[in-house]
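This is what each chain is made of:
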Amino acid sequence: MRDTGVMNTGTPPRAADGARLGTALTRRAAINAATQAYLRGEAVDMSALAAQLGIGRSTLYRLVGNRDDLLGVVLAEATERTFRRAAAGATPEGGVDLVLDVINRFMHAVIDAEPLQALCKREPLVFIRLALLPGAVEQIAAKLIAEMLQTEVTAGRLEASLPATALSQAIVRMCDAHLYAPLLGGTE
């Protein structure tokens, strides 16, 4: 009997991108595909994404949650990539000057991000829900800032009267008002 790989070998079924269905690989494939759509400035359409992955919509929803959940992950990962690039490009040796330089570089990179501009123009309320309310974007931004602050405090280059986690939350909230106003049509 000829082995078709469907039933006889125990090989799990695969999505169009080769990822095994029902695994983290498929979730990652969905996030990657949504990220590519976002980076092209396109709307993330769950039906189109499911078709691209070769899975049904219900399977896609089981893997990544609803569209806001998926976009939250996409934006959180973009936030982390952007922050890490900003930190890598910082020039001060440390302390408050480093923190300010990283945050300044990060904020300018976010404001200049064309995919984010496209999302804000196309779906401002979705952006507000995902970026300005508690969720994945806020959590990763606060975590990254807290890590940077704690590194500087531990190295003795920065004194902080609040714990790094509390201070990072305050910084995120203060930056939100200044960072996202231009993207939502306000003044810089």
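In case you missed it, the structure is sitting above this.
A. Focus on the environment of tyrosine 61. Of note, tyrosine 61 is situated in helix H3 (residues 57-64). Under the relative-accessibility criterion, tyrosine 61 is labelled partly exposed at 30%. Spatially, the C-alpha atom of tyrosine 61 lies 8.3 Å from that of methionine 46, the residues being 15 residues apart in sequence. For tyrosine 61, the contacting residues outside a window of four places in its chain are Met46, Asn66 and Arg67.

B. Fine view of the packing of aromatic side chains. Across all of its chains, the model carries one aromatic pair by this definition. Geometrically, the ring pair formed by phenylalanine 83 and phenylalanine 106 is edge-to-face, given 5.7 Å between the ring centres and 65° between the ring planes. Taken together, the positions of phenylalanine 83 in helix H4 (residues 67-88) and phenylalanine 106 in helix H5 (residues 95-112) put the pair 23 residues apart, joining distant regions of the chain. Take phenylalanine 83 and phenylalanine 106: they sit in the same class, and that class is buried.

C. Region of interest: the pattern of salt bridges. Applying the stated criterion across every chain yields a total of eleven salt bridges. Aspartate 101 serves as the salt-bridge partner of arginine 105, at 2.9 Å between the closest nitrogen and oxygen. One end of the pair is arginine 105 and the other is aspartate 101, both in helix H5 and four residues apart, which spans about a single turn. Taking relative accessible area as the criterion, arginine 105 reaches 33% and is therefore assigned partly exposed. Relative accessible area serves as the criterion here: at 16%, aspartate 101 is assigned to the buried category. One salt bridge connects glutamate 123 with arginine 122, and the closest N-O pair in it is separated by 3.4 Å. Overlapping salt bridges, with partners in common, bring together Arg67, Arg122 and Glu123 in one network.

D. A look at the layout of surface pockets. The calculated volume of the largest pocket comes to roughly 410 Å³. Lining the largest pocket are 27 residues, with Ala78, Thr79, Thr82, Phe106 and Val110 sitting closest to its centre. Looking at the lining of the largest pocket, the elements with two or more residues in it are helix H1 (24-39), H4, H5, helix H6 (114-122), helix H7 (124-132), helix H8 (136-154) and helix H9 (164-180). Sort the elements by how many residues they give to the lining of the largest pocket and H4 lands first, with seven residues.

Each value, and the rule that gives it
Residues numbered from 1 in each chain as written. Predicted model: local features only at pLDDT ≥ 70, side-chain atom pairs only at ≥ 80, totals over all residues. Heavy atoms only, no water. Helix = DSSP H or I, 4+ residues; strand = E, 2+ residues; numbered from the N terminus. Buried < 20%, exposed > 50% of the residue type's maximum accessible area, 1.4 Å probe, protein only. Contact = heavy atoms within 4.5 Å. Phe/Tyr/Trp six-rings, centres within 6.5 Å; stacked < 30°, edge-to-face > 60°. Salt bridge = Lys/Arg side-chain N within 4 Å of Asp/Glu carboxyl O. 1 Å grid on protein atoms, 1.4 Å probe; cavity = no way out; pocket = protein on both sides within 12 Å on 5 of 7 lines; lining within 4 Å. Points joined across faces, edges and corners; volume = space filled by probe spheres on them.

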